[in-house]
Amino acid sequence: EIFTGVKKGDKRVFIINGRVKGAIKRIPSKNSILSNLSQGGKAFKTTLNSRELKISNYVAKKLKQQNIFFAGIDLVSNHLIGDINVTSPTGLKNHYDLTGVNLAVDFWDTLEKLKKPSVSPLEFNLIESAAGTLGSPGIVIIAPQITTIN
């Protein structure tokens, strides 16, 4: 079921600070099974069904427990296919183009609320400055450790 579903595409689900914030459907190009946007896949507006939302919320909770602030997970045919991307969960620009919802702003607003005294104002300003160099919306992920989810 999963392998035949791959040809129909997947759903990239965006998780910010333990909350499911949005999703896009990615459809592979003709004669391909890769729905990655960088591999010719196309993005479409989508919603999550109840099973997909249940899976996504479960994973979001586990990611937050592991102190993973931002991730993209991929679902195929109502199943998590094992892809939990915490280094470069792409698709935010596509999500914005399709929905008008800028999750990059949500990312930064949520991060700002979590700003801890252990991060000096200088360090935080450097983070914000680095993000500005990437263009809008800019994302910079700072990970003090690599976490593996079993």
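Residues numbered from 1 in each chain as written. Predicted model: local features only at pLDDT ≥ 70, side-chain atom pairs only at ≥ 80, totals over all residues. Heavy atoms only, no water.

*Asks:* What is the right way to look at the overall build of the chain in this model?
*Replies:* Helices and strands together make up the secondary structure of the chain, namely 5 helices and 5 strands. In the chain, which comprises 150 residues, the proportion classed as buried is 34%. Taking the contacts inside the chain whose residues are at least 6 apart along the sequence as the reference set, 56% of them involve residues at least 24 apart. About 9,300 Å² of surface is accessible on the chain, with carbon and sulfur atoms providing 55% of the total. (Helix = DSSP H or I, 4+ residues; strand = E, 2+ residues; numbered from the N terminus. Buried < 20%, exposed > 50% of the residue type's maximum accessible area, 1.4 Å probe, protein only. Contact = heavy atoms within 4.5 Å. Areas by Shrake-Rupley, 256 points an atom, 1.4 Å probe, with all protein chains shown as cover.)

*Asks:* Can you help me understand the side chain of threonine 110 in this one?
*Replies:* With respect to the helices, strands and loops of the structure, threonine 110 is situated in helix α4 (residues 103-114). Classification of threonine 110 as buried rests on a relative accessible area of 16%. Those residues in contact with threonine 110, other than ones at most four positions away along the chain, are Ile16, Asn17 and Phe69.

*Asks:* So what exactly am I meant to see when it comes to the confidence of the model for the chain here?
*Replies:* A low pLDDT means the predicted coordinates there should not be read in detail. Residue-level pLDDT values for the chain average 79, and 73% of them are 70 or greater. The lowest-confidence element of the chain is helix α5 (residues 121-132), averaging 50 in pLDDT; the highest-confidence one is helix α2 (residues 50-65), averaging 96. Here residues 127-150 is modelled with pLDDT under 50, and outside its nearest four sequence neighbours on either side it reaches 28 contacts, counting other chains as well. (pLDDT = per-residue confidence, 0-100.)

*Asks:* Mind showing me how you'd approach unusual backbone geometry here?
*Replies:* The phi torsion of most residues other than glycine is negative, and most of the peptide bonds are trans. Backbone geometry at asparagine 17 places phi at a positive 50°, although glycine is not the residue there. Among the secondary structure elements, asparagine 17 is positioned in the loop between β1 (10-16) and β2 (19-27). Positive phi, normally seen in glycine, also occurs at asparagine 67, with a value near 60°. In this structure, asparagine 67 sits in the loop between α2 and β4 (70-76).

*Asks:* Please clarify how α2 should be interpreted in this entry.
*Replies:* In an α-helix there are 3.6 residues to a turn, and that puts residues three or four apart on one side. For α2, spanning 16 residues, the distance from its first C-alpha to its last is 23 Å, which sits close to the expected 22 Å at 1.5 Å a residue. Residues of α2 that are buried include every one of Glu52, Ile55, Ser56, Val59, Ala60 and Leu63, and no others. Mapping the buried residues of α2 onto a view down its axis gives an arc of 135°, with all of them on the same face. Opposite the packed face of α2, turned more than 90 degrees from it, sit the exposed residues Ser50, Lys54, Tyr58 and Lys61. Looking at the buried residues of α2, the elements they touch are β1, β2, β4 and β5 (79-85). At the N-terminal boundary of α2, the capping side chain belongs to asparagine 49, with an oxygen 3.0 Å from the backbone nitrogen of arginine 51. Backbone geometry just after α2 places asparagine 67 at a positive phi near 60°. (Expected span 1.5 Å × (residues − 1). Arc of directions from axis to C-beta. Polar contact = N/O pair within 3.5 Å; in protein donor to acceptor, adjacent residues only side chain to side chain.)

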